[in-house]
Amino acid sequence: MSARIQVVIVGGGTAGWMTAATLAMSFAGRLADVTLIESEDIGTVGVGEATVPHIRFFNQRLGIDEADFIRRTNATFKLGIEFRDWGRIGDSYIHPFGDFGHDIDGLPFHQYWAHATRGGADGLPKLEDCSLPIVAARDNRFTPPLEDPRSIGSTYSYAYQFDATLYAAYLRDYAEARGVVRIEGRVDAVEQKDDGIGAVRLADGRRIAGDLFIDCSGFRALLIDGALKVGHEDWSHWLPCDAAWAVPTANAGALTPYTRATAREAGWQWRIPLQHRTGNGHVFSTRFTDPETARSVLMDNLEGEALAEPRMLRFRTGRRHRQWVGNCVAIGLSAGFLEPLESTSIHLIQLAIGKLIELFPSGGVFDPADEAEFNRAMALEYDRVRDFLVLHYCATDRDDTPFWRYMRTMTLPSSLTEKIAEFRERGIVASYREGMFLPASWLAVYYGQRIMPDRLNPLIADIPMATSRDHVARVAAACASAAKAMPLHEDYIARIKAAA
Ligand code: FAD
């Protein structure tokens, strides 16, 4: 084995090129030589437009200039996700990328708000009015957060909505400029050796050997499943959606700095505005509806003119039992998929890449402890995202269709049952040591889907009702004035484009 480890990435979708770009930046020419194989004939899954804020740190680590990225991927900014019709038909709330107010005297702001509601709803701002990213999003405004931690302008973060195909192309340029070798070809055989994969063979007869193989082949999971037969933990009893129709439309109306997820009879519909078009899709469960009905639901609920025929994708929710086996690491859809609600897939790719870099088998030494740590960490991340997604479905009063009746009565993962009980009993969002969704995210869904705490923190009992109500009024006023001072989202983007 040469001193430089030979890395072979199979697949050039978002996962493949994110991995290639990071390995190139971190190791190329020193610890590793990186080759990526992809097949234009097979193509990529071609969806995946909405992200969570961590993507910014991914781009920053690569040294990507934000303005250049916004221009080249037709990206817009995202302050959160609006959920319509989830708790009840007619409900709407936003899961913001940011806090509700500030902690006051060591108590979370939402405790003051929940306390204040006990004095009556009259004249009391809604919890949403106390979140700057929500107030700004509802008014289609955007500006990056401030750094001063005392300012209400520092209480949020943001992500992007972008054209995933353009993003993969952007990262391809980046990776190739740093030495990644791209091979166009179709893998049609995998050679195994004792501790994993030895080489892959292409349809034209070429043989590509390597030390470390990264399976980014999407749902096909050519290496981790096709060759190594690592099974899949099926979560379709908790997340039964297994198909989606997707269609782009012309932009209609204001450019919203948020994604929308509208609950439907047997699933939900996404709306993701980009600079040049809007991405739409209907995620549904084939156990509860048929594809033709699902297609009509999507086409009957579009805001702009359809720019193409809708296409259908099938998937299965769950994750691989192990994502690193021997000298093979699965990243992206080959490792698992949790359906697109809350836009977590690209983030899970990012986490896997970060963990791989941390545990990288430098010099070609594969330590079983590293493999075990990778598998432990990734399993935990998938499990926690799963719990958060399931919360959206189970915390509902809807019983208007068989789908919703199933969702509201299904048996939950015990980790989620405990978490919901903690909130109901005391208004506590127990923080995970690891896991991507912080307390504000859980609060948004709990309150947004009508789960209220029975009791509050005992310290709040000493606080006069008028004080709690004053805090709420003050924070809501600060959010309203800070949002008003922000530019419109579309003007902010126009400025970035004009500065090119
Ligand atoms: P793919 O894009 O499928 O890429 C697989 C690659 O492997 C391709 O390059 C292909 O050519 C190659 N390949 C396969 N077989 C071979 C072979 N035999 N030989 C050579 N090459 C081969 N994620 C988000 O973060 N946000 C979202 O909003 C979001 N929405 C989604 C909506 C839907 C309906 C679905 C299904 C997914 C969504 N995702 C979303 C997930 C997101 O699309 C994926 O996580 C992301 O695109 C990464 O995919 P991938 O690179 O793993 O696989």
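Residues numbered from 1 in each chain as written. Predicted model: local features only at pLDDT ≥ 70, side-chain atom pairs only at ≥ 80, totals over all residues. Heavy atoms only, no water.

Attention now goes to the overall build of the protein chain. Scanning the protein chain from N- to C-terminus turns up 15 helices and 21 strands. Expressed as lengths along the three principal axes of its C-alpha atoms, the size of the protein chain is roughly 75 × 55 × 45 Å. Expressed as a percentage of its 500 residues, the buried residues of the protein chain come to 58%. Looking at the protein chain alone, contacts between residues at least 24 apart form 78% of all its contacts between residues at least 6 apart. Looking at the protein chain, you have 54 positive and 64 negative side-chain charges, and the mean spots of the two groups are 1 Å apart. (Helix = DSSP H or I, 4+ residues; strand = E, 2+ residues; numbered from the N terminus. Buried < 20%, exposed > 50% of the residue type's maximum accessible area, 1.4 Å probe, protein only. Contact = heavy atoms within 4.5 Å. Lys, Arg positive; Asp, Glu negative; His and termini not counted. Charge placed at Lys NZ, Arg CZ, Asp CG, Glu CD.)

Taken together, the neighbourhood of the ligand is formed by 33 residues, with G12, V47, A50, V187 and I346 sitting nearest. Within the backbone of V47, a nitrogen or oxygen atom sits 2.7 Å from an oxygen atom of the ligand. Measuring from an oxygen atom of the ligand, one finds a backbone N or O atom of C216 at 3.5 Å. Of all the secondary-structure elements, those providing two or more residues to the shell around the ligand are α1 (14-27) and α9 (345-358). Ranked by residue count, the leading element in the shell around the ligand is α9, at three residues. The residue makeup of the shell around the ligand, split by class, is 15 nonpolar, 14 polar and four charged. (Near = heavy atom within 4 Å. Polar contact = N/O pair within 3.5 Å; in protein donor to acceptor, adjacent residues only side chain to side chain. Nonpolar A, V, L, I, M, F, W, Y, C, P; charged D, E, K, R; others polar.)

This brings us to the packing of aromatic side chains. One pass over the full model with this rule turns up 32 aromatic pairs. Centroid distance F69 to Y170: 6.4 Å. Interplanar angle 80 degrees. Geometry classified as edge-to-face. One end of the pair, F69, is in helix α3 (residues 66-72); the other, Y170, is in helix α6 (residues 164-177), with 101 residues separating them in the sequence. Measuring from ring centre to ring centre gives 5.1 Å for F142 and Y158, while their planes differ by 75 degrees; the resulting arrangement is edge-to-face. (Phe/Tyr/Trp six-rings, centres within 6.5 Å; stacked < 30°, edge-to-face > 60°.)

Next up on the list: the sheet that holds strand β18 (residues 318-320). Backbone hydrogen bonds are what pair the strands of a sheet, in a parallel or an antiparallel way. If you trace the three strands from one edge of the open sheet to the other, you get β12-β18-β21, paired in antiparallel fashion. What marks the edges here is a single partner per strand, and that holds for β12 (232-234) and β21 (336-337). (Pairing = 2+ DSSP bridges.)

Per the domain assignment, the segments of the protein chain are domain 1 (5-75 + 162-233 + 317-384), domain 2 (98-155 + 413-500) and domain 3 (250-314). Computed over C-alpha atoms only, the centres of domain 1 and domain 2 are separated by 35 Å. The contact between domain 1 and domain 2 buries some 1,200 Å² in all, and 62% of this surface belongs to carbon and sulfur atoms. Among the residues domain 1 hides against domain 2, the three largest losses belong to R71, E381 and R384. Together they make up 45% of the total. Counting across the interface, domain 1 meets domain 2 through zero salt bridges. Looking at the side of domain 1 that touches domain 2, the elements that each hand over two or more residues are α3 and α10 (368-394). In terms of residue count, the dominant contributor to the side of domain 1 that touches domain 2 is α10 (five residues). A per-class count over the side of domain 1 that touches domain 2 returns six nonpolar, three polar and five charged. (Domains from an automatic or database assignment. Buried area = accessible area lost by both parts, 1.4 Å probe. Salt bridge = Lys/Arg side-chain N within 4 Å of Asp/Glu carboxyl O.)

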